[in-house]
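Coordinate inspection notes
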Amino acid sequence: MPEKRRIALIGLGMAVLPHARSLRDLADRVEVAYAFSRSEHRRNAFAERFDFPLADDLEKIGADRSVGAVVIVTPPNAHLELVQRFAAAGKHILLEKPLERSTARAKALVEAAEAAGVSLGVVFQHRFREASEALRARLEAGELGKLAAANVVCPWWRPQSYYDEPGRGTRERDGGGVLITQAIHSLDLLLSFTGPVAEVAAVAGTTALHRMETEDFAGAGLRFANGALGALLATTAAFPGFPERIELIGTRATAVLAAGVLTVHRRDGSLEKIGEEQATGGGADPMAFPHDAHRALLADFLEAIDRHRSPRVSGREALNVHYLIDAVLRASAEGQTVAVASA
């Protein structure tokens, strides 16, 4: 049997719920030694729902050699310092997306983990949904043929009250708007299917529906490194919020991934459907989704530690979606096609 891991949960805000539920589900494999927040209010609110030991001292957690890993679920602007702290203490790290508020800080974070020799996994749980796994298997089997085009649409909604919360949608805390906070999941999933984007042309900005510092709308034309063409649309101004959608158009079939369901339209006229429709957090309640994909991602992270392998979504790989987001925003600002860097 694998060793039961003692971990610390760092950050007890809104995003902690699917992580805490997953940790509770995997109690046979992991023990939560600490649930940390500097806020007494958040610790008390968390304790009403989860029976994990509470903590308000990061030094104590870092010094506890029985704790082999941490799950960091804080705002992005705290990630770099936390990863540097816990990597130096020799602890493996599972980090909530995005890596950081800027790509420069994200790179420094990844390099800190690599230099310390600890595993760094990133929470892109959409890769672990049943329908996503099914699409990946069909791609690997060549069932879609050669990829000709790929589109991604994330037509979500957030009310103004969401952005009225301190730090939301700011460069200082979040690093940006809809691309880095909401659509980043769908963009990462797209890249995991298609490989890198070579260049983009784009428009991005804030619609009349929101008062915020950063973008609530982005549209882009994509040219992939493998020659395929594509399009991106992401917004939090699409009331009341609709499921994100990925379309992969191949020479043998077209695959559509939406709301937890994969539909494959084959050239021979056959149709295949896999998965059940589910909420994805695209409306006014950002946490309205099941936690099964988070649980699968956490299980992979624990297995990666046990088997001394990289998590399926490593910090180094997660840099690629940051490079794409940077390119979309730069293409919009410069009004011209720009190249996309790669990790």
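Before going into details, it helps to say that this report is about the structure given with it. (Residues numbered from 1 in each chain as written. Predicted model: local features only at pLDDT ≥ 70, side-chain atom pairs only at ≥ 80, totals over all residues. Heavy atoms only, no water.)

1. Points about empty space enclosed by the protein
Counting across every chain of the model gives four cavities of 30 Å³ or more. There is about 100 Å³ of room inside the largest cavity. Forming the boundary of the largest cavity are 13 residues, of which Arg129, Leu189, Glu244, Leu257 and Ala258 lie nearest the centre. For the lining of the largest cavity, a count of residues per class yields six nonpolar, four polar and three charged. (1 Å grid on protein atoms, 1.4 Å probe; cavity = no way out; pocket = protein on both sides within 12 Å on 5 of 7 lines; lining within 4 Å. Points joined across faces, edges and corners; volume = space filled by probe spheres on them. Nonpolar A, V, L, I, M, F, W, Y, C, P; charged D, E, K, R; others polar.)

2. Considerations on the packing of helix H1 (residues 17-25) against helix H9 (residues 292-307)
Close contact between H1 and H9 brings their axes to 9 Å; oriented N to C, the two are set at 60°. As summarised for this structure, H1 and H9 are arranged oblique, according to the angle between their axes. Of the two elements, H1 crosses H9, and the hand of that crossing is right-handed. Each of Pro18, His19, Ser22, Leu23 and Asp25 in H1 lies in contact with H9, whose residues at this interface are His294, Arg295 and Leu298. For the contact of H1 with H9, a count of residues per class yields three nonpolar, three polar and two charged. (Axes fitted to C-alpha atoms, helices over the stretch in contact; angles between N-to-C directions. Helix = DSSP H or I, 4+ residues; strand = E, 2+ residues; numbered from the N terminus. Parallel < 35°, antiparallel > 145°, perpendicular 65-115°, else oblique. Left-handed = near helix turned anticlockwise from the far one by under 90°. Contact = heavy atoms within 4.5 Å.)

3. Here we look at the pattern of salt bridges
Counting across every chain of the model gives 23 salt bridges. The salt bridge involving Glu172 is made with Arg101; its shortest N-O contact spans 2.9 Å. Of the two residues, Glu172 is situated in the loop between helix H7 (160-164) and helix H8 (178-194) and Arg101 in the loop between strand E5 (92-96) and helix H5 (103-116); the sequence distance between them amounts to 71 residues. Looking at Glu172, the relative accessible area reads 56%, which means it is exposed. Two residues, Arg316 and Glu114, come together in a salt bridge whose shortest N-O distance is 2.8 Å. (Salt bridge = Lys/Arg side-chain N within 4 Å of Asp/Glu carboxyl O. Buried < 20%, exposed > 50% of the residue type's maximum accessible area, 1.4 Å probe, protein only.)

4. Description of helix H10 (residues 315-334)
In this model H10 runs 29 Å from its N-terminal to its C-terminal C-alpha over 20 residues, within 8% of the 28 Å that 1.5 Å per residue would give. Listed in full, the buried residues belonging to H10 are Gly315, Ala318, Leu319, Val321, His322, Tyr323, Leu324, Ile325, Ala327, Val328 and Ala331. Positive backbone phi, approximately 65°, marks Gly335, located one or two places after H10. (Expected span 1.5 Å × (residues − 1).)

5. Things to note about the sheet that holds strand E9 (residues 217-224)
Pairing in this open sheet of nine strands is mixed, and the strands run E14-E13-E12-E11-E7-E10-E9-E8-E15 from one edge to the other. Strand pairing shows two members of the sheet lacking a second neighbour, strand E14 (271-274) and strand E15 (338-339), which therefore form its edges. Of the pairings in the sheet, the one linking strand E7 (residues 147-155) to strand E11 (residues 245-250) comprises six bridges and is antiparallel in character. Note that in E11 the partner of Ala149 across the bridge is Ile249. Along the sheet, helix H6 (residues 130-140) makes contact with E11, strand E12 (253-258), strand E13 (261-266) and E14, crossing E13 at roughly 30°. On the sheet, H8 packs against E7, strand E8 (197-205), E9, strand E10 (229-235), E11 and E12 and is oriented at approximately 160° with respect to E7. (Pairing = 2+ DSSP bridges.)

6. Notes on the nonpolar core
Core analysis: the largest hydrophobic core is formed by 103 residues, its most contacted members being Ile10, Ile93 and Val200. Sorting elements by how many residues they give to this core places H8 first, with ten residues. The contact partners of Ile10, leaving out residues within four places of it in the chain, are Phe36, Leu58, Ile61, Val70, Val71, Ile72, Val73, Thr74, Leu82 and Phe86. (Core = buried A, V, L, I, M, F, W, Y, C linked by side-chain atoms within 4.5 Å.)

7. Focus: the sheet that holds strand E3 (residues 54-55)
If you walk across this open sheet you meet the six strands as E3-E2-E1-E4-E5-E6, and the pairing is parallel. Of all the strands in the sheet, just E3 and strand E6 (120-123) have a single pairing partner and so form its edges. Strands in contact with H9 are strand E1 (5-10), strand E2 (30-36), strand E4 (69-72), E5 and E6; relative to E5, the strand with the most contacts, it is inclined by about 160°.

8. Some details on the environment of Glu140
Positionally, Glu140 belongs in helix H6. Separated by 52 residues in the primary sequence, Glu140 and Ser192 have C-alpha atoms spaced 12 Å apart.

9. Looking at the packing of aromatic side chains
One pass over the structure, following the stated rule, counts five aromatic pairs. On the basis of an interplanar angle of 90° and a centroid distance of 4.9 Å, the ring pair of Tyr162 and Tyr163 is categorised as edge-to-face. For the residue pair Tyr162 and Tyr163, the accessibility class agrees, reading buried in each case. Arg158 extends its terminal NZ or CZ atom over the ring of Tyr162, reaching a point 5.4 Å from the ring centre. Taking NZ or CZ as reference, Arg312 lies 4.3 Å from the ring centre of Phe128, over its face. (Phe/Tyr/Trp six-rings, centres within 6.5 Å; stacked < 30°, edge-to-face > 60°. Lys NZ or Arg CZ within 6 Å of the ring centre and 35° of its normal.)

Nothing here speaks to function; it is all geometry.
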